[in-house]
Amino acid sequence: MALINDTTLRDGEQAPYVAFNTKEKLLIAKLLYECGADELEVGIPIMGEKEREDLKEILALDLPIPIMSWNRAVMSDLEASLECGVKAVDLSIPVSQILLDVKFGGNKEKLFKNLESVVQVAKKEGLFVCVGGEDASRAELPFLREVLKFARSIGADRFRYCDTVGTLSPHKTYENISYLTSLQLLDIEMHTHNDFGMATANAIVGVEAGAKSVNTTVIGLGERAGNASFEQVLMSLVYQFQKEKNLDSKKLRELVSTVSLAAKKTIDTNQPIIGEHIFAHESGIHVNGMMKSKNAYEAFTPESVGALRDFPIGKHSGSSTLFFHLQQIGITPSKEKIEKILPIVREIVTCRKQVLNANELKELYLCS
Amino acid sequence: MFVGWIRKSSLKTDLDLLEKSLILDKNLILNTAFYNEQLCFGAYEDESLEALISAYVFKESVFINNFYYKTEVSKEVKKRLLKLLIENINEEKKSIYMLVNQKEKKLLESFGFSTFASFRQVLYKGGAVFNFTNAMSKSIHTQNYLPIISQNDFTCTQENRLDYITKSVFKTSSLLLSSSNGYQHSYALNQNIIKLSPWIMQEFSFDEAEKLMRGVIYHRGLKKILAYIPAFNDEITNLYRSYKFEFLEEFELMYKNEKPKINLEMVYGF
């Protein structure tokens, strides 16, 4: 089953207006391990002394999972990583014609030569090497084949397929990744962005097409619209693909709130997996179904993600919701009276745009 | 050449000097000398330690756990050391056992030792494993490992070696990985070499053993990893081969008196 290589502390922090301090980074790294991340990408050592110090502190946590750094495939970047003592590096190269022109004047030979010299040093130092294909989703597949073949020949261990500008659709992702995995040259890692809201979907489709690992960030934090979300990919792998995990809902909540606070990003109430209202059932038909079976309208339990189930008394509520709440507060309601107050409940909620609480319902029932 | 009790007062300095010409299990020697000094002997040329031997006495057996000598040390001196040790062990029934290379085999045979099993020295220098899952990691970082060591080690050796393992074998550089079916101890011999010893698994625990193998390579894989493994057990040798360990020198586990009751099917690292 696919590995989660979480990059909250690298690509996540690259989100605009976001900066983590050392204490936050250490807590996030620890929580990511506890929540089930298989590998962490935690920084860009060439950025400077402070970044390197932070990376060393993360390594000093001695988490029993692999810790990786991000680098351009240039010697200065690799040297900065080696100074930190990481055991694994992502060495990034542009692979689309657009970025090759911008960064290498279209000179592919120079690109290969640079990559060869850097990978060879990294392998000599015994590092795990992932070659990061920047903008791979806009690259020509024959060129990607050439890159993979070359990277394998010089000792690289993995290829990161980056949908850098988030332009892939799930179908296209499946086609491309199926092709690359069928070459059996290197393990493929998915790195997807959310510009069209498809980051998680594309990451998962990549796994279905044979990718061995997935980059994620907590709450989908990342450049522009962000990356594939850690919590969504984790839950998908566990529930849809039976990945072996011991989910700790309390830790997951702590991780999400820590990243949310550190990044100053609020979480939408309907955010998948972690939104406050994703287990709130209002419509009459759904509530009726949920009363009969808790599996009726939920993909997984609220307990599994540390959330609470709720039946708000709103415009779409039916008699089942009213019965439920009145019974909860010790009233055995009559069907006639419920039928009578239901239109009133809907009118109140529509006018004030706020659901009723149980006490308001009780008063309405008793006074009607 | 003086051959006699090891000089405890200068042992650390002596070992520091000896380490310049040999790869030593320095901490094991120091710990053995600390807890078990009556069975530690050295050969000195003037004030310089040239060779040493030590043993650890268990209830049912005696393990000769250190035997080091400079290349120029003569056969005669090695023989004197071994003789002194065996005389002081003074056991006619208890199994006395030792892992030796082919060059030392004849010396041991001259003292009545026989071969119990052939071993191979294996060495990993392939870099770190990276595809190492979170679940795998959590499954081999058992907090309460002492009962696991105690139970599995006893099943394997028919000895209570817990005291020896925790006091003499454990070092500051120790990494202990374990699952319910066994434990694996590794430690630094020096800045470049990690030794896997002991590594004991219940029989037919191949999957668990592989998890521990991936664990130690992940944690230690940037250094060389050295182990001594039974040469006849395909399950064990194949595991090492699949992780690209090089098979080096042949060794033999030799014994005197009773045959040791060690279940070698459980020994993934001696």
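Residues numbered from 1 in each chain as written. Chains lettered and ligands numbered in written order. Predicted model: local features only at pLDDT ≥ 70, side-chain atom pairs only at ≥ 80, totals over all residues. Heavy atoms only, no water.

Undergrad: Whenever I open this one, the packing of aromatic side chains confuses me. Can you help?
TA: Aromatic ring pairs: the centre-centre distance and the angle between the two ring planes describe each pair. Evaluated as defined, the whole model comprises 24 aromatic pairs over all chains. Pairing Phe34(B) with Tyr35(B) gives two aromatic rings, centres 5.0 Å apart and planes at 85 degrees, and the pair type is edge-to-face. For Phe34(B), a relative accessible area of 57% corresponds to the exposed category. Relative to Tyr218(B), the ring of Phe132(B) lies with its centre 5.5 Å away and its plane at 25 degrees, an arrangement referred to as stacked. On the criterion of sequence distance, the pair formed by Phe132(B) in the loop between β6 (114–124) and α5 (134–139) and Tyr218(B) in helix α8 (residues 206–220) is long-range, its members being 86 residues apart. Taken as a pair, Phe132(B) and Tyr218(B) share a single burial class, namely buried. Through a chain of ring-to-ring contacts, the aromatic side chains of Tyr56(B), Phe58(B), Phe63(B), Tyr97(B), Phe119(B), Tyr164(B) and Phe270(B) assemble into a single cluster. Over the ring of Tyr218(B) we find Lys87(A); its NZ or CZ atom is 4.5 Å from the centre of that ring. Geometry around Tyr365(A) places Lys337(A) over its ring, the cationic atom sitting 4.5 Å from the centre. (Phe/Tyr/Trp six-rings, centres within 6.5 Å; stacked < 30°, edge-to-face > 60°. Buried < 20%, exposed > 50% of the residue type's maximum accessible area, 1.4 Å probe, protein only. Helix = DSSP H or I, 4+ residues; strand = E, 2+ residues; numbered from the N terminus. Lys NZ or Arg CZ within 6 Å of the ring centre and 35° of its normal.)

Undergrad: What is the right way to look at the domain arrangement of chain B in this model?
TA: You'll often see interface size given as the accessible area lost when the parts meet. All names here are of chain B. Partitioning chain B into domains gives domain 1 (2–90) and domain 2 (122–269). Between domain 1 and domain 2, the C-alpha centre-to-centre distance is 25 Å. Of the residues lining the interface, 17 residues belong to domain 1; the matching set on domain 2 comes to 17 residues. A buried area of about 1,300 Å², summed over both sides, lies between domain 1 and domain 2, and 56% of it is on carbon and sulfur atoms. The largest contributions to the domain 1 side of the interface with domain 2 come from Ile 23, Asp 25 and Phe 58, which together make up 33% of the buried area. In this structure, the connection of domain 1 to domain 2 is made through one salt bridge. Connecting domain 1 to domain 2 are six residue pairs in polar contact (both at pLDDT 80 or more). Counting residues per element, the ones that place at least two in the side of domain 1 that touches domain 2 are α2 (26–35) and β4 (61–69). In terms of residues, the side of domain 1 that touches domain 2 owes the most to one element, α2, which gives five residues. Classifying every residue of the side of domain 1 that touches domain 2 gives eight nonpolar, five polar and four charged. (Domains from an automatic or database assignment. Contact = heavy atoms within 4.5 Å. Buried area = accessible area lost by both parts, 1.4 Å probe. Salt bridge = Lys/Arg side-chain N within 4 Å of Asp/Glu carboxyl O. Polar contact = N/O pair within 3.5 Å; in protein donor to acceptor, adjacent residues only side chain to side chain. Nonpolar A, V, L, I, M, F, W, Y, C, P; charged D, E, K, R; others polar.)

Undergrad: Please explain unusual backbone geometry as it appears in this structure.
TA: A negative phi holds for most residues other than glycine; trans holds for most peptide bonds. All names here are of chain B. With an omega of -10 degrees, the peptide bond running from Ser 197 to Pro 198 counts as cis. Its location among the elements puts Pro 198 in strand β9 (residues 193–201). Although it is not a glycine, Gln 158 sits at a positive phi angle of roughly 60 degrees. Locating Gln 158 in the fold gives a position in the loop between α6 (146–157) and α7 (162–169).

Undergrad: Even after reading the chapter, I still don't get the layout of surface pockets, so can you show me in this structure?
TA: Which parts of space are left empty comes out when a probe the size of a water molecule is rolled across the atoms. All names here are of chain B. Taken as a whole, the largest pocket encloses approximately 1,100 Å³ of empty space. Its residues placed into classes, the lining of the largest pocket shows 27 nonpolar, eight polar and nine charged. Shared between two domains, the lining of the largest pocket takes at least three residues from each, and those domains are domain 1 (2–90) and domain 2 (122–269). (1 Å grid on protein atoms, 1.4 Å probe; cavity = no way out; pocket = protein on both sides within 12 Å on 5 of 7 lines; lining within 4 Å. Points joined across faces, edges and corners; volume = space filled by probe spheres on them.)

Undergrad: When you look at the interface of chain B and chain A in this model, what are you seeing that I'm missing?
TA: Facing 15 residues of chain B, the contacting portion of chain A comprises 26 residues. Here chain B and chain A share an interface that buries about 1,700 Å² over both sides, 57% of which is from carbon and sulfur atoms. Put simply, chain B and chain A have zero salt bridges between them. The tally of links between chain B and chain A comes to nine residue pairs in polar contact (both at pLDDT 80 or more). In terms of residue count, α5(B) provides more of the side of chain B that touches chain A than any other element does, four residues in total. Of the residues belonging to the side of chain B that touches chain A, the class tally is six nonpolar, seven polar and two charged.

Undergrad: Just checking my understanding: could you explain the nonpolar core for this structure?
TA: Across soluble globular proteins, you tend to see nonpolar side chains buried next to one another. In terms of nonpolar packing, the biggest core is built from 116 residues, with Phe159(A), Tyr161(A), Phe230(A), Trp199(B) and Tyr240(B) touching the most fellow members. For this core, the leading source of residues is helix α2 (residues 22–35) of chain A, giving seven residues. With near-sequence residues (within four places) excluded, Phe230(A) lies in contact with Ile4(A), Asp6(A), Leu32(A), Cys35(A), Gly36(A), Ala37(A), Thr216(A), Thr217(A), Val218(A), Leu252(A) and Leu255(A). Judged by nonpolar contacts, the second largest core, of 33 residues, contains Ala117(B), Tyr164(B), Leu264(B) and Val267(B). (Core = buried A, V, L, I, M, F, W, Y, C linked by side-chain atoms within 4.5 Å.)

Undergrad: Any chance you could explain the sheet that holds strand β3 (residues 67–72) of chain A here in plain terms?
TA: Consider a sheet: its strands pair through backbone hydrogen bonds, and that pairing is either parallel or antiparallel. All names here are of chain A. Spatially, β1-β2-β3-β4-β5-β6-β7-β8 is the arrangement adopted by the eight strands of the closed barrel, whose pairing is parallel. For this sheet, the mean inter-axis angle between neighbouring strands, taken without regard to orientation, is 25 degrees. Strands in contact with helix α4 (residues 75–84) are β3 and β4 (88–94); relative to β3, the strand with the most contacts, it is inclined by about 160 degrees. Running at roughly 150 degrees to strand β6 (residues 158–163), helix α7 (residues 141–153) makes contact with β4, β5 (128–134), β6 and β7 (187–192) of the sheet. (Pairing = 2+ DSSP bridges. Axes fitted to C-alpha atoms, helices over the stretch in contact; angles between N-to-C directions.)

Undergrad: Would you explain the domain arrangement of chain A in this entry?
TA: Residue and element names in this part refer to chain A. Looking at chain A, the domain boundaries give domain 1 (3–263) and domain 2 (284–367). Put simply, the middle of domain 1 and the middle of domain 2, counted by C-alpha atoms, are 45 Å apart. Taken together, the six residues of domain 1 in the interface contact seven residues of domain 2. Here domain 1 packs against domain 2, burying approximately 510 Å² in sum over the two surfaces, 62% of which is carbon and sulfur. Our enumeration of links across domain 1 and domain 2 arrives at zero salt bridges.

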